[in-house]
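Notes for the structure review
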Amino acid sequence: MFRGALPPAGRDTDPDEPRPNLLDITGVVQEGRLELGWTYPAAVYDQATVERHAEEMLAALREIVAHCARPEAGGRTPSDFPLADLGQEQLDRLLGTGGHVEDVLPHTPLQSGMLFHGLVDTEHAYFDRTAVRLSGVADPQAFAAAWQQVADRTPALRTSVHWHGLPHPVQVVHRHAELPVRHLDWRAAHPAERTDAAERLLAEDRAAGMDLGTAPLTRLTLAALPGDEVLLVWSTHHIVLDGWSTGQLLTEVCERYASLTGGPDQAPPVRRPFADFLHWLREQDETAAERHWADALTGFTTRTPLPYDRTPAEAHRARSAAAVHHELDTDISRRLRESAARAGVTVNTVVEGAWALLLARSGGRDDVVFGTTVSGRPAELPGVEGMIGMFINTVPTRVRIPGGPVLPWLRDLQERQSDARRFDFLALPRIQAVSDVPSGEALFDSMVVFENYPVDESATARTGVRVEEVRADDATTFPWCLRAHLAERLGFDLAYDPALFDPATAERAAARLAGLLTALAEGFDTDLTGLDVLAPADRELLAAWNTTARPTAPRSPVDLFAQQARRTPDAPAVHDGERSLTYRQLDGWARSLADRLRAAGLAPEARVALLLDRSAELVVAQLAVLLAGGAYAPVDTRAPEERRRTLLAQAGATLCLTATEVAAARPGAVAPPAHSATGEPQVSAQGRGVAAGRRRTRMGRRTGTGLRGVRSRPVSPSRRSRRAQQRRRSRRPPHSPPRRSRSPPSTSTGGRTAPEPRAVSHCPPSPPSPPRRSTTGSRCPPPIPTASPTSVHLGLHRPAQGGRGAAPRRGGAGHRRPVRRRGVRPRAAALAGGVRRRHLRGVGAAPQRRLRGRRPGRHRRRRLAAPPRRRRRADRAVADRRTVPAARAGRARLLPRPHAAVDRR
């Protein structure tokens, strides 16, 4: 076990070299024996002392060996499983003595995700069943023995999964695991009976589930069929095997079966352990991978929509349990392979491109993201092709659909996919965390799997076992999952969630995808916009819809509704729960609301936001906006307030309607008091006996009402102040700009308070729209954006004398001298065109004596004596004023341009 003391200078040591330690112990195993060498300086230690310490160490080693050799002894240390990252207490609780354990390994990112879904999903997610009909298997018992021999050599078939009381899930590889095999004899059954029995078998196996904590995570059922055929039902959990591994295992089982039944005894393949891949995975730069995926997903903020028949509920867990199968014919498949080979792209890239086009056309997007399953086997790891385990991963694939030729687009897609393969080891939750998609929302709802598993057909042929038919049942947790496979013919299965999609919807999607692939098989010289996604069934449906008995002229929805209301006024038009509206009631309600919208100043083609849920009020509001000449923008009331504000600002809505306001417009309904954005009641003239429209003023002239604009403060309740402001407005010349007073604005209509529309509230102002053309051909200036409006003010303006743009003479019929009343704070007044604007003292000045008679000189002197800054502000107000011509009873009048609405045509 040990040698005596070595001389102070060994044969491989320089005598003059400084010694780092006074005592060196060197160990080496030669021919199965442990040899320890002790090196020490003779000037420091006696040989007897060194020999005594060596004998004591030898005795301690012998005690350790004897203890470990006893049957009751056991226990493993964290150093036995360096990849597991578990402490001693955790290992003792997990393994006990640990004599039955070969290794403890961590999970890959996808394995952790599968475990999570398997725990929260009651439908046994990622529990796969494969039914394979094999010929050439005359001895099912020998076939089962071949499976056991392969399991003894394959750690993945002897693995269990544990997570209770551990910091992270681990997989435990057992030294031995007996494969459960069930034998059935269906040789005497009729074909129909065998079919029914196979369906019952699959249903029973699916209901049985699988215990992840018990090894192995695989079980077999062998049903003997007539002749030398058997039905193999192979049930396994996807957490331990990927599709690449299953093909290799089946080939190895057939080779072992051939050797057991008198065939050639092939040497088992040499495979690297799955732990080597886990070592490689731990050495990767995850920070660089996160940067790559963050750059790849920059700007993508919401997942790509799918054509759902039923919107998924918040708590719904998707499961693609049903599938639609489709295959291209042999000639189209051959031409597709040849076209891809000439272009230098793979068939997998063509399938992904066609899927991206289908998602883009069905969702109305030109930027889509879907999941892609990658093999996960790094090319820089030698022997990775023959390793058995779970290597695959799911990563996002982002595809933009520009205009242009197909070939450069496909090549760019393949190049970006190749670049992403260097970072496809990162877990999907971490990829989603670095994207711009909001937290808690899925990055994608569909995925593509291109099955291209390596199968040694020559080895399978040598064994005499042939695969006659394969049926797989491996539902995923995505609403849509496309599985494509290429042999003589290109086929694909579109798996879908029956709770979200009807079978007809999935069949149409599969037919459209087949049409896109058929068009691409003709070559990649066409343009992306020229690829038609419609299937033949879609074209037949469109042709049937467009086959009318007689030609009809295009008409507006308003005219069509009016015609139907006249034809069937008492027929039910709207059903909302227990409520029902006839066409007559719907027409009266909508027209009443449309009158209120027009009275509030709704301009033609102006946008109205509808803050309503699906109800009869929503139908009334939509029809009323169309009757008023506007355009409506429905807003989801369940959306966050900030999102609604952003939507209203981007839509440029000038008015908003709620269910309460729509209900108040119903004939006979009592309108609730309107409130401003600050919550203060607004002044309304309803109930005072003053009707909107044209009034006779104190001067005996008729004037009309027009949308005065929007203000940021509530209406003043002071009647005296309001009438004083009304009087000054009515006497202001048409070209005079609005006052920029700091006093609260008021509503006036020719000296009387005008009714405000109760059923209309104003939205936040939208950005200024571009200049528009008036009916006379002149260019109208854009509307002036204002501060956040809270109420509508109506005002009357005297018609101009002498035609549009003519300024009345001083003291003439079209001019009245500004008047002050005692106790009323003066506002600025202006003379007609050509005369400089007069200036009175601003808000806050003390009441001044009323101006009487013809004293313009005194008034003018006071104005010229005002500070220059105040004069410039008044002049700017004149320059900023916008006016719009309108006809009233054959006489031209000028209306102020609304601040938060487009021009009235």
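Coordinates for the structure precede this section.
Now for a quick tour of the structure. Computed from a prediction, not measured in an experiment: that's the story for all the values here.

Concerning the pattern of salt bridges
If you walk through the whole model with that rule in mind, you get 37 salt bridges. Put simply, Asp331, Arg334, Arg335, Glu338 and Glu522 are held in one network by salt bridges that share partners.

Points about the nonpolar core
By size, the foremost hydrophobic cluster in this structure holds 52 residues, and its most contacted members are Val350, Trp355, Trp480, Leu517 and Phe524. With ten residues, the single largest contributor to this core is helix H10 (residues 347-363). Counting 38 residues, the second-largest nonpolar core is a separate cluster that includes Leu110, Trp147, Leu212 and Ile239.

Overview of the sheet that holds strand E3 (residues 101-106)
Strand order in the open sheet formed by three strands is E3-E6-E5, and the pairing between neighbours is antiparallel. Of all strands in the sheet, those bounded by a partner on one side alone are E3 and strand E5 (159-162). Neighbour-to-neighbour, the strand axes of this sheet turn through a mean angle of 25 degrees, independent of strand direction. Relative to strand E6 (residues 170-174), E3 runs antiparallel, the two being bridged by five bridges. Its bridge partner lying in E6, Pro106 is registered against Val170. Contacts from helix H2 (residues 88-95) reach E3, E5 and E6 within the one sheet, and its direction differs from that of E6 by about 55 degrees.

Some remarks on the sheet that holds strand E7 (residues 181-185)
Overall, mixed pairing links the five strands, which are arranged E7-E8-E9-E4-E14 in an open sheet. At either margin of the open sheet sits one strand with a lone partner, and together these are E7 and strand E14 (466-473). Ignoring strand direction, the axes of neighbouring strands in this sheet form an average angle of 15 degrees. Here strand E4 (residues 127-135) runs beside E14; their pairing, made up of seven bridges, is antiparallel. Bridging across to E14, Leu134 finds its partner in Val467. Packed on one face of the sheet, helix H5 (residues 191-208) meets E4, E7, strand E8 (218-224), strand E9 (229-237) and E14 and runs near 150 degrees to E4.

A closer look at helix H8 (residues 286-296)
Residues of H8 that are buried include every one of Ala288, Ala289 and Trp293, and no others. Along H8, the residues classed as buried sweep out an arc of 130 degrees about the axis, all on the same side. In H8, the exposed positions that point more than 90 degrees away from the buried face belong to Arg291 and Asp295. Residues of H8 that are buried make contact with strand E12 (393-400), helix H11 (406-420) and helix H12 (428-433). Capping the start of H8, Asp285 holds a side-chain oxygen 3.2 Å from the backbone nitrogen of Thr287, two or three residues further along.

Here we look at the packing of helix H4 (residues 140-153) against helix H6 (residues 243-260)
Close contact between H4 and H6 brings their axes to 8 Å; oriented N to C, the two are set at 125 degrees. As judged from the angle between their axes, H4 and H6 are oblique. Relative to H6, H4 is oriented so that their crossing is right-handed. Contacts between H4 and H6 pair Ala142, Phe143, Ala145, Ala146, Trp147, Gln149, Val150 and Arg153 from the former with Leu249, Leu250, Glu252, Val253, Arg256, Tyr257 and Leu260 from the latter. Here the contact of H4 with H6 is composed, by residue class, of eleven nonpolar, one polar and three charged.

Parameters and conventions
Residues numbered from 1 in each chain as written. Predicted model: local features only at pLDDT ≥ 70, side-chain atom pairs only at ≥ 80, totals over all residues. Heavy atoms only, no water. Salt bridge = Lys/Arg side-chain N within 4 Å of Asp/Glu carboxyl O. Core = buried A, V, L, I, M, F, W, Y, C linked by side-chain atoms within 4.5 Å. Buried < 20%, exposed > 50% of the residue type's maximum accessible area, 1.4 Å probe, protein only. Helix = DSSP H or I, 4+ residues; strand = E, 2+ residues; numbered from the N terminus. Pairing = 2+ DSSP bridges. Axes fitted to C-alpha atoms, helices over the stretch in contact; angles between N-to-C directions. Contact = heavy atoms within 4.5 Å. Arc of directions from axis to C-beta. Polar contact = N/O pair within 3.5 Å; in protein donor to acceptor, adjacent residues only side chain to side chain. Parallel < 35°, antiparallel > 145°, perpendicular 65-115°, else oblique. Left-handed = near helix turned anticlockwise from the far one by under 90°. Nonpolar A, V, L, I, M, F, W, Y, C, P; charged D, E, K, R; others polar.

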